[in-house]
Each structure stands twice: as structure tokens, then as C-alpha cells.
Amino acid sequence: MSANNAAPAGPAPGGAQPGPHGNAKPGPGAQRADQAPQPDHAAGADPSQNDVIGGADALAEEGLPGTSAAASRVYRASSHGSGNLFSGHFESITLFNRPETASQLLAGPLPADELRTLRRVFQEPAEYGAWKARLRSDRLLVLCGQPGTGRACTALSLLDDVTRGHVSRLGPRSDLAALEESQIEPGHGYALEPTTSGLPDETGLDRLCELLGKQQAYAVLLATPEPGDVLSRRGRYYCQHTPASAADVVDGHLATELEEDPGDLYDRARALATDAAVLEATGLDELLPAEAKRFAALLARRVRGDLTHDELLARCRRFAEEQAADWFVGGALAESPQRLRDAAYRIAVAVLGHASLSAVAEAAEVLAWELAVTAAPEANPGRPLFSDGVDARLASARAVADTGVEQVGDEDVPVRTVRFRGEALGPAVLGHLWQHRHNVRGPVLRWLAGLCEDSRPQVWVRAAMAAGLLCGLDCSHTVQELVQPMAQAPQARRRLFAATVLDVAVTTPEVGTAVRALVRHWATQGDEHLRWTAGAVLGRGRATATVGDTLDLLGRIGVWDDGALRAAAGVQVAHLAGAHCDPLVLRRIRVWLSDARRPHQDLGLQSTVFLASVSATDLWNQHPDLAERGDWPLMLALADARPDLAKELAGLLWTALQTGRSYEAAVDTVSDWLRRSADQPWASCLEAFLPLLVHSQDDRDRLLSLLKELSEDPDQPLNDTQVRRFHTAVQGAGTR
């Protein structure tokens, strides 16, 4: 039967008999002539079939209330909110001829033209004056900070100020322990960033300071803080380098870039530097000084007409990609334990950004182990205990700790969260790994699968969404190695993980068609677990071209094997209704209810019960019209958002209340509405909805009896105001 021939929403059987707890329960008696055969009177119904229509949270095995709501909330927040993993853009990254990033100090005197340029463009950080005073008095300074933050330029500018232009650079392989007094030019300033031997200890720095004093010379050394590095915080010569603001650096470089151009170009470039679309294209909270320099060069080219606006935006999007390429550059030390730990933490932030600091740190430790044993299978890596610090770890990952909340059961608890300083960095990290570091795929996929074992939605949902992004980059590999095994697992959480991966990947233009075909194949040809997983994808409303196609596939899943997956399909029909607010979903449920075949009727009843019992906050892909309706019951939220659907929704629930095998689940849902309605914003909607369930005196008596029972509940009675309001609404309802 097509949707156009569906029986009208409205009363079904007329006869009723006393039900449990004094309520009028439907009996097997007469039916109205204007109705299709009712579910309890299907021809050829097998009495041995399961008569219970109902269902539970698919994640009920987790042992905490509200787990599905927490999972869907994390998914929606990561898809559309502040934790959007997909807000960044990335393209193929070339590792050759990349623009200059953090400058390295080259050996020899600083050329005069370079010194003049530095004086024109350098912007002093806030602590610059204090650093200069310390350098004058101590003659030695160690600037501690991350590459790309302008440490080298700050060092050279400090030395220029105190030596009046007598600035030299030492080679990165210079051995400070072997340095002699004769090798230091009197009155000169030296800058050095050692790469192999590292910095001397305090005793070695004291010796260097003594040599500098004898020659009236100065030195600024550059250091990158390691986790747990105490000297970087308490050493006598150490200063924590903080870069100048990106806006100041951009202005300084623009003035230099455009000093020979007409005056209006500088003003146009400054205005373009604050343009919202341009800043959004960078995907970074604030540019590092090295990036600000490149940004200024791009702005200058744009105002000169050398770049179009679209080309400017495309170049700006590469900042995050270039940062990711710098983080995972190869080399002799690339697979040292410390580098692997740094890489693992950056990947963990990319996958779990906006999750709790502790969850990200633990996930990073697990991934570091995976990377270490992949690089050296005979290794037995452990974890550092006191030589690892959160602040240095955050700095090395260009990350920041925020305050947020996570859901435990039904309640929110405060936590410290972690995120990149720029939403484009997460996709850039994952894109770079998948496109340029093939051997990293294995340990990362094993790690993602392991994160699914963490019952916290803040962890496994984010991991699934990151896997969906990777699936969009290489669908065949990710489906074969991760998605298919998850989809066939007996645990519901693993199958929801696979469904989430596919729901994310289906939005990728390059692989969307393939993902849709895979979901259709599983829905029609798969085993029980594959059909269940396909249903979980379909319920989110993006895996087919039309709502009708989705309902066709969910219908096939729901009646397969005499309704073995009826509950799984029914809850996804409810999710689909919340994703689209399309009346076609309600009409299709009515078609199933009017079908002479028992499995189809049961699917219609099951879908109706879930429409009433699912909360709007449980929806994975929530229609914008429902976004402000929080934890409203989905049926009431739909009736409020689409008033023209209220009667049809009530007609479906009325049928479930009139049918023996769905009666208990339906009346329990209505009871739950009544109990929870006190002080809820949807109480007035419920008050208007109840009269739509009354089509006869039996209906009125049933609801009034239910109200009486709930008002006399010794544990959780309805308050007098609720009883009066609902009693008046039901008593005043008309009958036909």
C-alpha cells in the first residue's frame, strides 16, 4: 500500500475492556468500518511471535543513564558547534619548496641589509624591555619557546640593541662547552640555536657567561622547552618567550612590503587583514610571527592585483597544512621516543579536540605506544612519570586548555578541555597523515578502534567522526580495515561507531556515492549486524537521495526475518522524523499500521512508540526547527514545530494505545510525559496534545484514570496544578 492510500489517522477499535491499574485497555472486539485491519487482528498472525512492542536505549549496556543523549550531543557539537572537526579545509600538501616557516639561524655575521630590514619590521613583545635589561646585566639570555614564535628575530634584535649592530650567528652544531675566550670578538653579540648537543647545564652556562664578560660580549641562546623541563621555568638565564601580537607583526611587514607603493595600498591591505572571510580562511586563532610575515606578503600581492580574492583565501588555508607538515617532517630524530610522543599528542588533539584534558592525554599515551612498537617491534616502551608536563605538551601541540563540561549520566560536570589554537589544525593533521605518511595508518586505525572501547561518548564519538574524515580521504582502505569489522561486531557501540564513520564520510563529494551504495547493500543483503548498522546510518537522514528511499530501506530492515530488527529500525524511523520534520515519515508509519502483514504492523507500532519516547536531544542529526526544544519528547517537539502534523502524530499514538501489544509501552510513555511535565517548557504543548487522543468516552476515561493513578502515586505524585490543567484539557475534549 502506498503512502497516498494510507488509512486516515484517527480512532481504531471501538471496544475496550478494563486494563491494568484501572485503565481501560483495548480488547479484541469490534473495529470501525472506516479503518483498515488493525494490528491485533491481522490475517494469519502467528501467536508465537513476540507480542511486546517497545525498546530500550541501544547503549543501555553502558550502565549509565542518558548515554545515547550524551553520544548524540557530542556528535552534534562536533559537527556544528565550537568543536567542529570539519571546519578546516585541506588540500594535497607538497613537501618541497614550501614557504619559509620558522627561520633557522645561519652561521656568520648578520648582513647589514638583513639588519636594516629587521629594524624596520621587528615588533617588540610585551616583555622585550625586561629581557634587554637582563641581557645587559647578565650578558647571557636563554629564550625558551616554540619554533615559529619569532624567537630568532627577538634574539637578533636584542643583540643589535646592546651591541649597536655587531651581531653574529653561531652555527647550530657549535659546541659551547669547547668555546674559548679567543673565539669571542670583543663587544659582539652572538645568537645560537643548538640542534645536536643541546644547551649546556647551569654550570656550562655560568662558564659561557664568564667568557662573555671577559670580552664585554653578549649571547642569546634559543631553546625549545621539553615536557618536565625545570630549567625552562626556574633556570637563572632562562626567559619564556612570548611573541608579539600577530596584528603588529602584520602591520610591520605590510609597511615594509608596500613602502614604495601608493599610500592607499597600505590602508587597503590593513583592512583586508581584518576581513572576516580572510581570517576564517587561515583557520587559526592567531598567526605565529613567521606566519604573519607570509600573511603580510600575501596581502600585499592581493592589493597589487597579483592574486585574486579566491587565490588569497586558498593560500591562507595552507597555513594549517604547512604547520601539520612541519610537525611530522622526517629525519634522523623523527622516530625518537620524544618525537613520537609529540606526534601522538598532536594526533590525539586532532581527533579528540574539545574533550577533557585527561582523556586526550591518556589517548595520546596509548597512541605513543602504538607508534613506538610499530617503529621498533622489539621495543617495550614505558611512560614518563615526572618528566612530562602539561604546559609544555600543550605548547608543543599549539594547543590550549579551556574549561568545559562533560556529561556523566544525565548530569553535566565541569572539566578542563583541550583544543588546537585553530580549528583548521585538526583536519590538516589528519589529512597530512593520510595523504603523506602511509605507514602511520596502521597504528592510527588500531588506536581509533581501541578508542571505541572507551564508554565515554566524548571519546568514542569523536574518534568515529575523525575516522569518518579519514574514510573520506581513502574510503576503500578505511572501510576494509576499520568500518566493516566494526559494523559486524556484536556490541552496539561498535556498530554505532561504524555508522558514525559512514554518516560523516557520506558528506564527502568524492566518496559519498560509494558510501550510499554500501549502506544500501548492507540494508538489503547484509547479515543482522550489517543491516543494524545500515539502519543506524539511514536514521541520520543523509544516506539516500530522498526521505522516501530511506523509509523504503528502513522498512525492509524492520520486517526482515519476521521483525528481528524491528526495534532497531523503529528507533531510526523516529530519528529520521527528527532529522527532516517531513510528514512523509508519519504517512509511511500509517501505511505500515494499515498493512495486513503482521511484521509491517509491528514496525509501525514500534516506530510510533519511539516517536513518543525518544527525546529531541537524543537525535544525531537534529532538524534546525527542533534545536531550541532541548529534551522535549520528540512527538511533542514535532507537534509544536509543525502544528499541521499534530493530529496525525496523535492519531499514531492513539493507535498504539488501542493495540494490545503496544499498549503497555504507549501508556508508559504518556505516563512519563505527565510525570516529567512539571515546570517544563513543553507542558503547555502536552496540555494541547492530550485532547487529540480523545475520540470516545473510553479514551477520556482511560486518560482520566491514568491522571488519577499518577496523582495518587505515593512516591512521585503529580502536583495539584498539573492535575487540574490536564484534567480540564481531557474533560473538555470533544468526541466523535
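Scroll up a little and you will see the structure.
None of these values were measured; they are calculated from a predicted model.

## Focus: the sheet that holds strand β3 (residues 108-109)
In sheet architecture, strand pairing relies on hydrogen bonds along the backbone and comes in two forms, parallel and antiparallel.
Step number 1: Across the sheet, which stays open at both edges, the six strands sit in the order β3-β5-β6-β7-β4-β8 with mixed pairing between neighbours. Strand pairing shows two members of the sheet lacking a second neighbour, β3 and β8 (238-240), which therefore form its edges.
Step number 2: Pairing geometry for β3 and strand β5 (residues 167-169), over two bridges, is antiparallel. Residue pairing across strands places Gly108 opposite Arg169, the latter belonging to β5.
Step number 3: Packed onto the sheet, helix α5 (residues 202-214) meets β4 (140-144), β7 (218-223) and β8 and runs at close to 135° relative to β4.

## Regarding the pairing of β7
Step number 1: Across the six residues that make up β7, a large majority, six, are buried.
Step number 2: With burial as the criterion, each face of β7 is covered, one bearing Tyr218, Val220 and Leu222 and the other bearing Ala219, Leu221 and Ala223.
Step number 3: Note that strand β6 (residues 189-192) and β7 share four bridges and pair parallel. Paired with Ala191 across the two strands is Val220, which belongs to β7.

## Quick word on the packing of helix α22 (residues 528-538) against helix α23 (residues 547-559)
Step number 1: Where α22 meets α23, the axes come as close as 10 Å, and the angle between the chain directions of the two elements is 150°. Judged on the interaxial angle alone, α23 and α22 are roughly antiparallel. Seen along the crossing, α22 lies across α23 with a hand that is left-handed. Each of Arg531, Ala534, Gly535 and Leu538 in α22 lies in contact with α23, whose residues at this interface are Thr550, Leu553, Leu554 and Ile557.
Step number 2: For the contact of α22 with α23, the residue count by class is five nonpolar, two polar and one charged.

## Things to note about the environment of Ile589
Step number 1: Within the secondary structure, Ile589 sits in helix α25 (residues 583-594).
Step number 2: For Ile589, a relative accessible area of 0% corresponds to the buried category.
Step number 3: A sequence separation of 63 residues divides Ile589 from Leu652, and the C-alpha atoms of the two residues are 7.9 Å apart.
Step number 4: Those residues in contact with Ile589 that lie beyond four places of it in its chain are Val573, Gly604, Ser607, Thr608, Leu611 and Leu652.

## Notes on the pairing of β6
Step number 1: Here β6 shows no split at all, with Gly189 and Ala191 on one side and Tyr190 and Leu192 on the other all buried.
Step number 2: Sheet analysis places β5 next to β6, joined by three bridges and oriented parallel. Within the sheet, the bridge partner assigned to Ser168 lies in β6 and is Tyr190.

## Overview of the pattern of salt bridges
Step number 1: This structure, assessed with the given rule, holds 31 salt bridges.
Step number 2: As a salt-bridge pair, Asp160 and Arg119 come within 2.8 Å of each other at their nearest N and O atoms. Of this pair, Asp160 sits in helix α4 (residues 151-163) while Arg119 is found in helix α2 (residues 112-121), placing the two residues 41 residues apart along the sequence.
Step number 3: Taken together, the shared-partner salt bridges connect Arg566, Arg598, Asp602 and Arg661 into one network.

## Quick word on the state of the cysteines
Step number 1: By the definition in use, this model includes zero disulfides.
Step number 2: Cysteine Cys239 is unpaired, with the sulfur of Cys144 as its nearest cysteine sulfur at 9.7 Å.

## Side note on α23
Step number 1: Over its 13 residues, α23 runs 18 Å from end to end, which matches the ideal 18 Å to within 8%, given 1.5 Å per residue.
Step number 2: In terms of burial, α23 is a largely internal element, ten of the 13 residues being buried.
Step number 3: Turning to α23, its buried residues are Val547, Gly548, Thr550, Leu551, Leu553, Leu554, Gly555, Ile557, Gly558 and Val559.
Step number 4: Close packing links the buried residues of α23 with α21 (512-525), α22, α24 (566-580), α25 and α26 (598-613).
Step number 5: Downstream of α23 by a residue or two, Asp561 has a phi angle that is positive, lying close to 55°.

Thresholds applied
Residues numbered from 1 in each chain as written. Predicted model: local features only at pLDDT ≥ 70, side-chain atom pairs only at ≥ 80, totals over all residues. Heavy atoms only, no water. Pairing = 2+ DSSP bridges. Helix = DSSP H or I, 4+ residues; strand = E, 2+ residues; numbered from the N terminus. Contact = heavy atoms within 4.5 Å. Axes fitted to C-alpha atoms, helices over the stretch in contact; angles between N-to-C directions. Buried < 20%, exposed > 50% of the residue type's maximum accessible area, 1.4 Å probe, protein only. Parallel < 35°, antiparallel > 145°, perpendicular 65-115°, else oblique. Left-handed = near helix turned anticlockwise from the far one by under 90°. Nonpolar A, V, L, I, M, F, W, Y, C, P; charged D, E, K, R; others polar. Salt bridge = Lys/Arg side-chain N within 4 Å of Asp/Glu carboxyl O. Disulfide = S-S within 2.5 Å. Expected span 1.5 Å × (residues − 1).

Coordinates in, geometry out; function isn't part of it.
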